[in-house]
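Report on the structure
Residues per chain, in single letters:
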Amino acid sequence: MLGRGLKRKLSDYEENMAGLSSAFDSSRSLPYPLKRQLVLNMCLTKLQTYKMLVEPNLHRSVLIANTVRQIQEEMRQESNQQPVNICPGIAPSSHSYTGMESSGMSLQLPSGISQQESNCCDLRSVEDPIENSLLIVSDDDMSSAISSILKDLDFVEDISPPTCLVPTGDDQPKFPENTGLKLEDDRPDLKGAECVFGSFEISNSTSYLKDLAIDDIFEDIDTSMYDSDFCCPPLMPPRSPSLATEEPLKTFPSCNSSSANNIQICRTDLSELDHIMEILVGS
Amino acid sequence: AGAGGGNDIQWCFSQVKGAVDDDVAEADIISTVEFNHSGELLATGDKGGRVVIFQQEQENKTQSHSRGEYNVYSTFQSHEPEFDYLKSLEIEEKINKIRWLPQKNAAQFLLSTNDKTIKLWKISERDKRPEGYNLKEEDGRYRDPTTVTTLRVPVFRPMDLMVEASPRRIFANAHTYHINSISINSDYETYLSADDLRINLWHLEITDRSFNIVDIKPANMEELTEVITAAEFHPNSCSTFVYSSSKGTIRLCDMRASALCDRHSKLFEEPEDPSNRSFFSEIISSISDVKFSHSGRYMMTRDYLSVKIWDLNMENRPVETYQVHEYLRSKLCSLYENDCIFDKFECCWNGLDIVMTGSYNNFFRMFDRNSKRDVTLEASRENNKPRTVLKPRKVCASGKRKKDEISVDSLDFNKKILHTAWHPKENIIAVATTNNLYIFQDKMN
């Protein structure tokens, strides 16, 4: 049900985008920041679509990620010159880019959405969560989107590990107790569509996270199968200092969102994993 | 080779292979085209994992005005779809590349690859069969032993030609990422296979291991900014190969320098033209194909809008650049939106002085390096009378459209010619549209 609704809105969005991209091509009068925002939105939409695929195309993902980085860098440099705003939304009048009129409001907060809506291009539907989430993309959001999709493309069972020996980066779990979660993360295919933008909206809304107790997020997960001796370490991370908890949450976006769908997916993952373990162990 | 000189070749329609109806079956989409070393055989691979080989008829002495036609010689299923259970991924059976080995005996050998597995196929003919067995009837049933009273030696008798394809080697499990190129070394014993991040060196006889010679995977995938897009061995120097990247660079490596050729011997890169800079500059600079000239002195690369010829002795810029469809530069945003900007066009040459590549609307382009003239031709069933000379086409970029010109907005971006091949010795070209294969020849006398 949710999937169907999502698709319908995406196709409307795509039609609008087709109109916008031909406007980009044909019109010389479109202001540069608007063009840039348009390209950025297209890139992020594509990355989101690729996230939904079982196996995103690495070549395309890298090219799009580089384009996003390039735009990001440009915007960063511009914002260094103007103290207020990193990422302007699309608005009919160009003057709204230079310095957000919303008095130093951080774009990450959800309340930014309503401000953006009033500046929206009339092609955008106000209720569309995808379009709104695109409008409030910030620097860190873009980086985490790129990181997240590139990480997913790194297969756990990479048969020829990189020949250069580098001190362990993100590939190694920082906390041994999290190896159970680590398996979760390295299966790129079973995450839901909300992953890219899930990490957008939540990983930066740190206040939202701090409000939730860790236990609340994981309380729906059935960890009984992990209680036996030889099985994987327990799924739930032990209580750690708040700084450290953000780290596992950032890298496992499918567990961040407290939507029932995601927990459902986690549960299915775990039972399939258990089944595979049984086959491998030969029990 | 070929027509030589500055005379323009007049291309004529010769044949078209494939289904006529507009409704294209996905499995029939042609994904690679390659002539063998003599040009007698022409192989195509498709999305359904099949290989079809056409053979040129021996030239008919009475029909001196046309070269032999190509007819189906062998069809076989090279790759099947597979499912990787560990990663829950389907492995496509689409044939990405076919490369022929030079002929050493009566049989023909070719390498075909999908995203993950390379296979060596032997294609052999059988036109005789043994007859006259002592113990068996002709249909294979065993004779009653009591009726056998004489000893016969079986003799070979002619039979209808049968062409058999059998897989002789399977080179599997060496690539995590999708294979985009294979290239046979000039020693005819080894070959390379390249995926997005790695290149492996194989021996044709050994299937259970390969050497990794290039690895550009960063320790942290988040730092990945460049992938390998194509690779080819030098035609004469068996320790030299090149690989191209998504950032528009070509690296030449020498395998004698070190076991892992992560450090290039030469880096070919053209500085960006600042006046053409756009959001899509990097995407359109991604090289989709690289091919050496026969001599090995030059190489050709194809990016989204142009074909460039490089002199191996000069790294800082190409010696020639040809615009394939410059009128698309002002449409890049739309082409990005519909993903056409990621189309991977291949290029080929007659080996010396004429290069060919495909475009949209079933157009393909030829550039003569000597005369600097270029022509746009169309692969279409409308000109399907043999020996009809193809009429040059023209795209009207802007302004008033002349008669017979096509405006950019009328181009059909679903009709793309990605794969073309040139006969190694004669002026015969094979051009693949989505699901049809066209063969054109130059007009003789």
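As annotated in an unreviewed UniProt entry, chain B is Serine/threonine-protein phosphatase 2A 55 kDa regulatory subunit B from Sakesphorus luctuosus. UniProt annotates chain B under Sequence similarities (unreviewed entry) with the comment "Belongs to the phosphatase 2A regulatory subunit B family."

The name given to chain A in an unreviewed UniProt entry is SRTD2 protein, with the source organism recorded as Sakesphorus luctuosus.

To continue, consider the overall build of chain A. For chain A, the helix and strand inventory stands at 13 helices and zero strands. For chain A, the N- to C-terminal ordering of α and β elements is α-α-α-α-α-α-α-α-α-α-α-α-α. Per-residue burial over chain A gives 46% buried out of 283 residues. Of the contacts formed within chain A by residues at least 6 apart in sequence, a portion of 69% connects residues at least 24 apart. A total accessible area of about 14,200 Å² is found for chain A, and carbon and sulfur atoms account for 57% of it.

Residues and elements named next belong to chain B. Spatial strand order, β16-β17-β18-β19: four strands in an open sheet with antiparallel pairing. A strand with exactly one partner marks an edge of an open sheet, and here the two such strands are β16 (228–233) and β19 (266–268). Neighbour-to-neighbour, the strand axes of this sheet turn through a mean angle of 20 degrees, independent of strand direction. Two elements, β16 and strand β17 (residues 240–245), share five bridges in a ladder whose sense is antiparallel. Following the sheet pairing, F233 is matched in β17 by F241.

With that settled, consider unusual backbone geometry. Residues and elements named next belong to chain B. The backbone of S88 sits at a positive phi, close to 55 degrees, despite the residue not being glycine. Relative to the assigned elements, S88 resides in the loop between β6 (82–84) and β7 (89–91). Positive phi outside glycine occurs at N362, with the angle close to 60 degrees. In this fold, N362 is placed in the loop between β25 (354–358) and β26 (363–368). Judged by relative accessible area, N362 falls into the buried class, the value being 11%.

Further remarks concern the sheet that holds strand β9 (residues 108–113) of chain B. Residue and element names in this part refer to chain B. Read from one edge of the open sheet, four strands run β8-β9-β10-β11, paired in antiparallel fashion. Both edges of this open sheet fall to β8 (97–100) and β11 (155–171), since each of them pairs with a single strand only. Averaged over all pairs of adjacent strands, the angle between strand axes in this sheet comes to 25 degrees, irrespective of strand direction.

What follows covers the confidence of the model for chain A. Residue and element names in this part refer to chain A. Confidence in the prediction of chain A, expressed as mean pLDDT, is 56, and 31% of residues score 70 or more. Confidence, expressed as mean pLDDT per element, reaches its minimum in chain A at helix α8 (residues 195–203) with 33 and its maximum at helix α3 (residues 58–81) with 92. Segment residues 229–260 is flagged for pLDDT under 50; beyond a separation of four residues in sequence, or across chains, it makes 51 contacts in the model.

Definitions and cut-offs
- Position labels on residues start from 1 in each chain and follow its written sequence.
- Whichever chain is written first becomes A and whichever ligand is written first becomes 1, with later ones labelled in order.
- Local features in a predicted model are, by the rule used here, given only for residues with pLDDT of at least 70; side-chain atom pairs are given and counted only at 80 or more, and totals for whole chains, interfaces and linings are based on all residues.
- In computing side-chain values, all of the structure's heavy atoms are included and hydrogens and water are not.
- UniProt positions are given in the numbering used here, feature names are shortened, and annotations may be inferred rather than shown by experiment.
- Secondary structure elements follow DSSP: runs of H or I no shorter than four residues count as helices, runs of E no shorter than two count as strands, and numbering proceeds from the N terminus.
- Exposed residues in this analysis have more than 50% of their type's maximum accessible area, buried residues have under 20%, and partly exposed residues fall in between, with area computed by a 1.4 Å probe over protein chains only.
- Any pair of residues with heavy atoms lying within 4.5 Å of one another is described as a contacting pair.
- Shrake-Rupley sampling with a 1.4 Å probe provides the accessible areas, and residues are treated as covered by the protein chains on show and by no other component.
- Note on pairing: two strands pair once DSSP finds at least 2 bridges between them.
- Lines are fitted to the C-alpha atoms to define the axes, a helix being fitted only along its stretch in contact, and any angle between axes, read from their N-to-C directions, falls within 0 to 180 degrees.
- Residue-level confidence of the predictor is summarised by pLDDT, bounded by 0 at the bottom and 100 at the top.

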